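Descriptive structure summary
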Amino acid sequence: MLVQPRTLPLRVPLADGEALDSWLARLSHRNGIPVLPLSRALGFGDRLRVWHNHALTWRLPAPLLRRMEAQTGLPTGALDAALLDQFDVLGWKPTAGSRYCPACLTETGGIWPLRWQLPHTFACLAHRCLLAVLCPGCGRTPRSRISERSGLAPPTRCTLGTSRHGNPCEADLLTHRWQRLREGDPRLAAQAWVDERLDRMDATAVTDLRDLDALAIWFRQRIYPSELKHLGAATVAAMTEFRDENHALKRHQRTAGLIAAAMTCHAIDVITLDDHHRDRRLAPLLRDVHTQYRRSGQTPSTRGPMILSHKRLTSLSEPLQRKVLRSIDAKLPVTERLRYRTCTPSPRAPRPGATTAAERARHIPQYLWPEWIIRFQPLRGAHTDDLAIDLARALLIPGNPVRNIHATSELNPWRNNVSIFLSEIAAHYPDTLTALCNIAAYLDTHGAPIDYRRRRTAFTDVDLTEAQFAQICLRADANPGRGARLLHARRHLFALLTGADLFNRRHQMAFANPHERGHYHLFQQQMTSTLRAELHRHATDLLAAAGIDEPVTWSPPGQCVAGLKLPGREPDDIDLNALHQMVIVDGTSSRSVARRLGVTVEHVRYASQQLHRLPPQRAPNSKPRISKLRARAEQLLTREFFQREHVAAGKNLATLATETGFSRWMLHEHARAAGVKIVTRKIKERVKVTRALRGDRIDPQWLREQAGTLHRANTDIAAELGLSHETIRRYRRDYGIPSRPTGGHSHVVSNLRHPNLPRDIRLAVEGQRGGWQRLHRFQQMIAYPSMNTAAAALGLHTQNLNLQIQRLETDIGGQLLQRAPHRYAPMVPTRRGQRLLDHLKQPAIRELLDRYADANARPKCGPYKRSTSDNTTSSVNDAPPSVAVSR
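Let me sum up the structure you'll find in this document. (Residues numbered from 1 in each chain as written. Predicted model: local features only at pLDDT ≥ 70, side-chain atom pairs only at ≥ 80, totals over all residues. Heavy atoms only, no water.)

It is worth spelling out empty space enclosed by the protein at this point. A full pass over the atoms with the stated rule returns 4 cavities of 30 Å³ or more. Looking at the largest cavity, its volume works out to about 250 Å³. If you trace the largest cavity, you find 20 residues lining it, with A25, R143, R145, S150 and T159 closest to the centre. Per-element tally for the lining of the largest cavity: the top contributor is helix α1 (residues 20–31), with 3 residues. What the second largest cavity holds in volume is close to 50 Å³. Lining of the second largest cavity is provided by H521, Q524, Q525, R532, R605, S608 and Q609. Looking at the lining of the second largest cavity, the elements that each hand over two or more residues are α25 (514–526) and α29 (601–608). Considering every element that reaches the lining of the second largest cavity, the biggest residue donor is α25, with 3 residues. (1 Å grid on protein atoms, 1.4 Å probe; cavity = no way out; pocket = protein on both sides within 12 Å on 5 of 7 lines; lining within 4 Å. Points joined across faces, edges and corners; volume = space filled by probe spheres on them. Helix = DSSP H or I, 4+ residues; strand = E, 2+ residues; numbered from the N terminus.)

Here you go:
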């Protein structure tokens, strides 16, 4: 059978707010036995082997409490109010022993309230005094241990000894000399603030009290004694003693009451004051602990700004964290401002173990997006490459619980000069840090369609062979050049796909020296629109081959920084028409264009990619023209073509070369590949009705007018009809059209006179060959700003055009053009040249100009080849574009 515990004959009621150890001491004194034997009778067992008072007031099991209530005649649940467990929600650590008010002990006869064991109970509001901390006899904290004499002496006596079995102190605690505080003392107000929340213990009160404890612990080792002068000289001396004599390490601290009062007052000021007055109270939070200064031999002024204690900051409630961070924003290092987002309306501490910032790294390139480089780059004082690399790293800092060098290691390790750069740019443009935090928040919330981490793993190199690049250039009508262009194209694709920093030597595509960087930028700037599109298409094919379904490029939208003032401009904030004129037409350098438009060089490079850049005019023997010609030959010069044109129609290689634009060697090579034998016998042996065949092809009357009346050369007529010079000579011989005399007079048109024309026009055309054509060239080139621009637009060499104008000026006998003094000033006509232009606009003169200038003009591709457009749009069976071809 279970034996019921015996009840005590002598009982003591539990006072309101009394601690359990105080009640046990009074109960023991009432029964005349020590606390230790009594506690064993009440069921404590071996719990009191621990020598501190918490064994009697903290974390006692419920069955033990119910047994004690039954043995002592207390109501069920009465002892729950005598335990410190009710304050566990505050997270406070109870004091060792108990503080006390001698006046209260005198009035109550030795009742010790439970709140005297709380760390932030330091004053008695009833008697307006600070609570005593130590025994006046032994200098120890009362009730910090349990001795064998505990309970025998009155509750107002000290029962501590040198050991549990030693003689007790037995000093009268009521003899402590206490001093009454003045009315309005901030420590009394702070104690009332604490007591009011301890009475309520609702959610708001619990939050305030938890913040109070966290701030008090934070301030204790960081506050200067001089900052506590408003609490009196005793507090300043106590703080100095607390720090210099390491009182924080002592169990029995005589300064504990003053320090607790000072820290509580300072913490409450931070919690209750507004943002305007909170700044001076938060200065200690930015310091290191005092022992660190003493150990390193440095002073706070020499150590510079300190970073926040993340552990201490996260112990505060989130609303208080935001207030603290907002108040100390200006005093934090730039990396801490990013980490805690203090430059945003909602600053907050990173959550321990959060993976958001680590996941953000997969959406950020090593080299910042081009659109954002333009927005962040000021006109002066920032190198483009350093800015693009540093800001990409900085995007990993907001909300990252890991410190700098480890937070950015996936992209590039953090360096001190990055912090210096960010500090300088934030000093002039404070919204820069806010923009970085906004971009990071957008990536955390919405993500990104590109996973750069996967791409950095998949593409350590770019698969672009020389043959593939040649095909790309062929489709884009671009020159593949030498190996350097292929290398730059691979770098372009590599940066496009992975967002890599090409200055990082870890990449195979990295720049070997600054010269390669300059050539790479030049390659990017000079890429035609078709070549850029072809490379973009190849990048899409590489992603598909790697099993990656993502767009080639992407960047966060500009709405992330709406309303912020950034160092740069918006990417589309540039005059594209002016840019086209300067970059493409005039060929001005990017640096000069940026200076004239008031933008950065990177802005010019980015906007130039949006312009439609056509392939340049190619020489007949250039690689793109030859490659295109070979591709067209592969398509056109088939076996069926040679059977139809050579075998059936009887055309020789010369005729086929003139009609198709291919050389005889190329025709012969493709005919041999097609298995067709070229017949080299004369045409008279293969075609019987030669003269009838020729007569059917060219109108004799038209040929007689062109050669006899207009005195056109055989070469001009052959070029217009797409035939050879020898063919026209034979036609003239068959039709009986006399040839022009040879010698010096063959180049002079002496039988054409224009007495009604102005004098300058007559001097230019009468007795001169090609005079009308030179007048036409002069009229055409005056519409352009320079000789070079005009020659490029008209498809001529600059030297030839210049010679024609000089010949015209010589024939007329005066200067027609005022040449430009430098490259930025356009050429203008002289007064005589403007008068000549006005004459050329007259209807009668314009009719003569159209007739003779067009008749004597030669195509820019030469007299024996057609232009590219003619070759691509007409077949070999089509007749030459001439009005003289018989239908």
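The subject of this paragraph is the environment of L564. Mapped onto the secondary structure, L564 falls in the loop between α26 (529–545) and α27 (576–585). Look at L564 and you get partly exposed, because its relative accessible area is 25%. Note: C-alpha distance between L564 and T434 (130 residues apart in sequence) is 8.1 Å. (Buried < 20%, exposed > 50% of the residue type's maximum accessible area, 1.4 Å probe, protein only.)

So, about unusual backbone geometry. Despite not being glycine, M201 shows a phi value in the positive range, around 55°. Looking at the secondary structure, you find M201 in the loop between α6 (186–200) and α7 (203–220). What makes M201 partly exposed here is its relative accessible area of 26%. Here the phi dihedral of R341 falls at roughly 55°; this positive angle occurs in a residue that is not glycine. One can find R341 in the loop between α15 (334–339) and α16 (356–360).

Of note, L36 is situated in helix α2 (residues 35–41). Look at L36 and you get buried, because its relative accessible area is 9%. Taking the C-alpha atoms as reference points, L36 and S150, 114 residues apart in sequence, are found 7.7 Å from one another.

Tracing the chain through its elements places H488 in helix α24 (residues 483–498). The class for H488 is buried, based on a relative accessible area of 7%. Setting aside residues up to four positions removed in sequence, H488 forms contacts with E516, H519, Y520 and F523. (Contact = heavy atoms within 4.5 Å.)

As a further point, take helix α20 (residues 416–428). The terminal C-alpha atoms of α20 lie 19 Å apart, and with 13 residues this matches the ideal 18 Å at 1.5 Å per residue to within 8%. Among the residues making up α20, those that are buried are V418, S419, F421, L422, I425 and A426. One face of α20 carries all of its buried residues, which in axial projection span an arc of 160°. Facing away from the buried side of α20 by over 90 degrees, the exposed positions are N416, A427 and H428. On its buried face, α20 sits against α15, α17 (370–376), α18 (384–394) and α21 (431–446). (Expected span 1.5 Å × (residues − 1). Arc of directions from axis to C-beta.)

Attention now moves to the packing of aromatic side chains. One pass over the full model with this rule turns up 8 aromatic pairs. Relative to F642, the ring of F641 lies with its centre 5.4 Å away and its plane at 80°, an arrangement referred to as edge-to-face. Like F642, F641 is buried. Here a set of aromatic residues connected by ring pairs shows up, and it is made of Y100, W112 and W116. Taking the ring centre of W58 as reference, the NZ or CZ of R59 above it sits at 4.1 Å. For R455, the ring lying beneath its charged end belongs to Y452, and the centroid distance is 6.0 Å. (Phe/Tyr/Trp six-rings, centres within 6.5 Å; stacked < 30°, edge-to-face > 60°. Lys NZ or Arg CZ within 6 Å of the ring centre and 35° of its normal.)

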